[in-house]
Amino acid sequence: MEETLEKPVGNKKPKMTFESKGRTVYYQMQDRIFKYFALAATSLGLIVLVLLLYSVFENGFGRLDWDFITSLPSKRASKAGIYTAWTGTLWIMFLTTIIAFPIGVSAGIYLEEYSSRNRMANLIEINIANLAGVPSIIYGLLGLEVFARFLNLGASVLTGSLTLALLILPIIIVSTREAIKTVPYTLREASFALGASKWQTIWNQVLPASVPGIITGVILAISRAIGETAPLIVIGALTYVPFAPTSPMDEFTVMPIQIFNWVSRPQKAFAENAAAAIIVLLSITFVMNAIAVYLRHRSQKKVKW
Amino acid sequence: MKIEANNVRVSYGSEQVLKGITMSIKKNTVTAFIGPSGCGKSTFLRCFNRMNDLIETCKVEGEIMIDESDIYHPKVNINELRKSVGMVFQKPNPFPKSIFENVAYGLRINGVTNKKYIEEKVEWAIKQAALWDEVKDKLKKSAFALSGGQQQRLCIARALAVEPSILLMDEPASALDPISTTKIEELIYNLKASYTIIIVTHNMQQATRTSDKTAFFYMGDLIEYDDTRTLFTNPKKQKTQNYITGRFG
Ligand SMILES: Nc1ncnc2c1ncn2[C@@H]1O[C@H](COP(=O)(O)OP(=O)(O)O)[C@@H](O)[C@H]1O
Ligand SMILES: [Mg+2]
């Protein structure tokens, strides 16, 4: 490389070259190494996921039929179904959402738009961040003491939903705040300058612009909730319920508990049941994410950036 | 109608940025605020629609009277005040909505629901802002599809739709190209008949072209306030002289 500089071409002026030399070579190498590292990391994740899916589908797909979805649980693997489990999961999803969504979003709006920046606000902020990191089993213990025992709600769908709502509140609050933060100040200013009240500004400008972010956060949070097992076991959700819940006060089980129960049996037939149930649970999560993408897309179209 | 400021002092935290401004502004005139960057023009302008109230650290003292009533009186409804004192910002800041909805917003938040009335008002406001011909076929399109100059005129239309009597403009053309700037200046000239306009500018030609009166600010003080022609041709203060001849700023 250095040579080209020394060799005059035609007249005396050395020829210009734009080849890498010295430090740039090093930077380029750095670039390349990182690229391959990132690629390897991504592929590793993908490969593990594909293997997992493959193993689940291989074991469970044959077991998956309409009867499996509509049958009650049974001691005999071939007769057992997941009807009580998925209805339980849907109940929990629904109730958890209607409890956590309004509270979480309101808290996010309050913290971002109304609370003044004082020590109290900082304290709340730090605690919410901490809450997001508390192991879910702790929420289970809280739910057991407060909802199941103290409020006497028992091991009901309501207790489970309240517990999971607590669990996902910090996620919803944080993602609501993040979404609201991305709304430029100039937008609020424009609204206030026209005589809009604070609430009018939040409702007409800030929220529409942050809805995509909020929805994504909420759906991620719910996806997390439907995968939770530990806190629900702690509050006393059963591994075997003979009937699907029909009211918030009924006993219940959910998909992950059912799967956990089947996986822990030694018989191969139950392992197949578990795999089939996993496929259904994954499908529910997948559908949720699809809904999230759709809603995001729709709300983004409404906001005409 | 008349605007009167009496000994207005403003500070951000412990830093005082306006040190007692007294001036009076007549109806249907254009008043330009000039002065070097950071001298407090925007801060003073934002006292008239109490936008400074939004800044937690900002404290305003003194008195501002519009039509004989003290706008800092505790009984004043700040939202009502802002409806009669419109504002246009330095950078065009349309809402991420359609062109139509941008202009209709001020009416909607006032509880106007009559569709016909809103349509008429929107058309009227956009015409006032000399933008109608350019947007009449795409009112449903996003305001962000417009050029910067058009966006700024849309912001003016948006402010006019709520029928303010005073219009505050904070360097409304500083982010625009020369042709758009000319359009905005013509617009200001035409709007004078129906509105009292205060415009902040650091462009002295703009001040001479658009305004009747000019106020020169320097480091939080009002140095000189006079007819625009007089102030630029025959300033009474040395500081003004230095500034308009470009010796600092
Ligand atoms: N939000 C704010 N917080 C603290 N200081 C501010 C704020 N806005 C403006 N200032 C200060 O007030 C002074 C006047 O600012 P400004 O009114 O924007 O001046 P101008 O519009 O004449 O350039 C400047 O020193 C600026 O740093
Ligand atoms: Mg300014």
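So, here is what we can say about the structure in this document. Remember, predicted model here, so these are calculated numbers, not experimental data.

Moving on, we come to the overall build of chain B. Per the secondary structure count, chain B includes ten helices and ten strands. Relative to the globule expectation of 18 Å for 249 residues, the C-alpha radius of gyration of chain B, 18 Å, shows essentially globular dimensions. A total of 249 residues make up chain B; the buried ones form 54% of that total. By element, 47% of the accessible surface of chain B is carried by carbon and sulfur atoms, the whole surface being about 11,200 Å². Charge separation in chain B, taken as the distance between the mean sites of 34 positive and 28 negative side-chain charges, equals 2 Å.

This brings us to the site of ligand 1. All names here are of chain B. Within the structure, ligand 1 sits among Tyr 12, Glu 15, Val 17, Ser 37, Gly 38, Cys 39, Gly 40, Lys 41, Ser 42, Thr 43 and Ile 55. Here a nitrogen atom of ligand 1 and a side-chain polar atom of Tyr 12 are 3.4 Å apart. Within the backbone of Cys 39, a nitrogen or oxygen atom sits 3.3 Å from an oxygen atom of ligand 1. Every element with two or more residues in the shell around ligand 1 is listed here: strand 2 (15-26) and helix 1 (41-45).

A few words on the pairing of strand 2 of chain B. Residues and elements named next belong to chain B. In this structure, strand 1 (residues 2-12) lies alongside strand 2, joined through nine bridges in antiparallel fashion. Paired with Ile 3 across the two strands is Ile 25, which belongs to strand 2. The turn linking strand 1 back onto strand 2 is made up of two residues, and Gly 13 within it adopts a positive phi angle of 60 degrees.

So, about the nonpolar core. A:Ile82, A:Leu232, A:Phe252 and A:Trp262 are the most contacted members of the largest nonpolar core, which totals 65 residues. Here this core takes twelve residues from helix 9 (residues 198-227) of chain A, the largest share from any one element. Look past the residues within four positions of A:Leu232 in its chain and what remains in contact with it is A:Gly160, A:Leu164, A:Ala237, A:Phe252, A:Val254 and A:Ile257. Membership of the second largest hydrophobic core comes to 45 residues, among which are B:Phe100, B:Ala129, B:Ala157 and B:Ile197.

With that out of the way, let us pick up the interface of chain B and chain A. Listed per partner, the contact involves 24 residues of chain B and 22 residues of chain A. Here chain B meets chain A over a buried area of about 2,000 Å², counting both sides, of which 59% is carbon and sulfur. A per-residue breakdown of the area chain B buries against chain A is headed by B:Pro96, B:Tyr105 and B:Ile109, which together make up 29% of the total. The interface formed by chain B and chain A contains one salt bridge. B:Arg46 is the partner of A:Glu189 in a salt bridge, and the nearest nitrogen-oxygen pair spans 3.0 Å. When residues of the side of chain B that touches chain A are traced back to their parent elements, those giving at least two are helix 2 (78-84), strand 6 (85-88) and helix 6 (148-160) of chain B.

All names here are of chain B. What the six strands build is an open sheet, ordered 6-7-8-3-9-10; its pairing is mixed. Each having just a single partner strand, strand 6 and strand 10 (221-227) make up the two edges of the open sheet. Strand-to-strand, the axes of this sheet are offset by a mean angle of 15 degrees, without reference to chain direction. The sheet contact formed by strand 9 (residues 213-218) and strand 10 spans six bridges and is antiparallel. Opposite Ala 215, over in strand 10, you have Tyr 225 as the bridge partner. Those strands touched by helix 6 are strand 6 and strand 7 (166-170), and its axis lies near 170 degrees from that of strand 6.

The next thing to look at is the sheet that holds strand 4 (residues 58-66) of chain B. Taking strand neighbours across the sheet as the criterion, the four strands line up as 2-1-4-5 (chain B) in an open arrangement whose pairing is antiparallel. In the strand order of this sheet, the two ends are held by strand 2 and strand 5 (69-70) of chain B, each with one partner.

Residues and elements named next belong to chain B. Here the structure, examined in full by the defined rule, presents twelve aromatic pairs over all chains. Seen from their ring centres, Phe 216 and Tyr 218 are 6.5 Å apart, and the 20 degrees between their planes marks the pair as stacked. Classification of Phe 216 by relative accessible area gives buried; the value is 0%. Here a set of aromatic residues connected by ring pairs shows up, and it is made of Phe 33, Phe 44, Phe 48 and Phe 217. Sitting over the face of the ring of Tyr 225, Lys 213 holds its NZ or CZ atom 5.2 Å from the ring centroid.

The rules behind each value
Residues numbered from 1 in each chain as written. Chains lettered and ligands numbered in written order. Predicted model: local features only at pLDDT ≥ 70, side-chain atom pairs only at ≥ 80, totals over all residues. Heavy atoms only, no water. Helix = DSSP H or I, 4+ residues; strand = E, 2+ residues; numbered from the N terminus. Rg over C-alpha atoms; globule rule 2.2 N^0.38 Å. Buried < 20%, exposed > 50% of the residue type's maximum accessible area, 1.4 Å probe, protein only. Areas by Shrake-Rupley, 256 points an atom, 1.4 Å probe, with all protein chains shown as cover. Lys, Arg positive; Asp, Glu negative; His and termini not counted. Charge placed at Lys NZ, Arg CZ, Asp CG, Glu CD. Near = heavy atom within 4 Å. Polar contact = N/O pair within 3.5 Å; in protein donor to acceptor, adjacent residues only side chain to side chain. Pairing = 2+ DSSP bridges. Core = buried A, V, L, I, M, F, W, Y, C linked by side-chain atoms within 4.5 Å. Contact = heavy atoms within 4.5 Å. Buried area = accessible area lost by both parts, 1.4 Å probe. Salt bridge = Lys/Arg side-chain N within 4 Å of Asp/Glu carboxyl O. Axes fitted to C-alpha atoms, helices over the stretch in contact; angles between N-to-C directions. Phe/Tyr/Trp six-rings, centres within 6.5 Å; stacked < 30°, edge-to-face > 60°. Lys NZ or Arg CZ within 6 Å of the ring centre and 35° of its normal.

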